[in-house]
Amino acid sequence: SSAVRGTPQWLRGLLSEEFFDACAVHPAERKNDKNHFCADCAAALCRHCLPHDPSHNVLQIWKYASCFVVRVDDLKLFDCTGIQSHTVSDHEVVFLNERTARKRSACAENPCAACARPLSSGHDYCSLFCKVKHLGESERGLRCALRVNRKAAAAGEEAAGSEPQNGKRPRASSSKAGPSCGGSSGKRSRKQLAPARSPFC
């Protein structure tokens, strides 16, 4: 979508994906609806596609009022401040996409800054999409709302500050090594290790 150009690949995927469709990779499995999203792989996943790498940032997608929502606590890579939230099963959630069912009005007391949908006071956007769209059109852009992966950054700083052991500096764990979602249809790293030969061959 032109409204989300210039955004990171994971965010574009999250906002454009059609969730809860049957997974094409696991058509014979039960409960194979794609209700997860891996930010590192930028791919929608079913429960059988979940990554083997625990460092991958995986979001669970839910449905509320027939729309896709995500828990605010799970969305660690984006600042949801200003987005109108809702409480579902004791969890604070926000809508992923722009909602169209309710009449919009630019002269409403508190309209959404992107789509003019009426909001309750104290909020600026009705959905994650609308905040991305509005910030993407501003001079500041999305940089003020995007967050880095704090765990990866902390691991990198710790490794950089540690003393070399046996003449070698320990490697920092990072998601840049490539996606490791089992069975997902997302893009995988082209770099592959050559298979090791057996010593008895």
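Right above here is the structure, for reference.
Keep in mind it's a predicted model, so treat the numbers as computed, not measured.

**Student:** How should the overall build of the chain be read in this particular structure?
**Tutor:** Of regular secondary structure, the chain possesses three helices and six strands. When the helices and strands of the chain are listed from N to C terminus, the series reads α-β-β-β-β-β-β-α-α. For the chain, with 201 residues in total, the buried portion stands at 35%. A fraction of 46% describes how many contacts in the chain between residues 6 or more apart in sequence connect residues 24 or more apart. Roughly 13,100 Å² of accessible area belongs to the chain as shown, and the carbon and sulfur atoms make up 47% of that amount.

**Student:** Help me understand the side chain of Lys131, please; the structure alone is not making it clear to me.
**Tutor:** Tracing the chain through its elements places Lys131 in helix 2 (residues 128-136). Not counting residues up to four positions away in its chain, the partners in contact with Lys131 are Phe78, Asp79, Cys80, Thr81, Ile83, Tyr125 and Ala145.

**Student:** Any chance you could explain the sheet that holds strand 4 (residues 67-71) here in plain terms?
**Tutor:** Sheet strands associate in pairs through backbone hydrogen bonding, adopting either a parallel or an antiparallel arrangement. Taken in spatial order, the six strands make up an open sheet running 2-1-3-4-6-5, and their pairing is antiparallel. Each edge of the open sheet is held by one strand with a lone partner, namely strand 2 (43-45) and strand 5 (86-88). With direction set aside, neighbouring strand axes in the sheet form an average angle of 45 degrees. Where strand 4 meets strand 6 (residues 91-95), three bridges bridge the pair, whose relative direction is antiparallel.

**Student:** Sorry, what's going on with helix 1 (residues 9-16) here?
**Tutor:** An α-helical segment advances 3.6 residues per turn. Residues three or four places apart therefore align on the same side. Those residues of helix 1 that sit buried are Trp10, Leu11, Gly13, Leu14 and Leu15. Lining the buried residues of helix 1 we find strand 1 (36-38), strand 3 (58-64) and helix 2.

**Student:** When you look at the environment of Lys131 in this model, what are you seeing that I'm missing?
**Tutor:** Given a relative accessible area of 6%, Lys131 falls into the buried group. Here the alpha-carbon distance between Lys131 and Glu98, two residues 33 residues apart in the chain, equals 9.6 Å.

**Student:** What should I look at first to understand the pairing of strand 4 in this one?
**Tutor:** Along a regular strand, successive side chains alternate from one face of the sheet to the other. Where strand 3 meets strand 4, four bridges bridge the pair, whose relative direction is antiparallel. Of the residues in strand 4, the one forming a bridge with Trp62 is Val69. Here strand 3 folds back onto strand 4, and the loop between the two strands holds two residues, one of which, Ala65, carries a positive phi near 55 degrees.

Conventions used here
- Residues numbered from 1 in each chain as written.
- Predicted model: local features only at pLDDT ≥ 70, side-chain atom pairs only at ≥ 80, totals over all residues.
- Heavy atoms only, no water.
- Helix = DSSP H or I, 4+ residues; strand = E, 2+ residues; numbered from the N terminus.
- Buried < 20%, exposed > 50% of the residue type's maximum accessible area, 1.4 Å probe, protein only.
- Contact = heavy atoms within 4.5 Å.
- Areas by Shrake-Rupley, 256 points an atom, 1.4 Å probe, with all protein chains shown as cover.
- Pairing = 2+ DSSP bridges.
- Axes fitted to C-alpha atoms, helices over the stretch in contact; angles between N-to-C directions.

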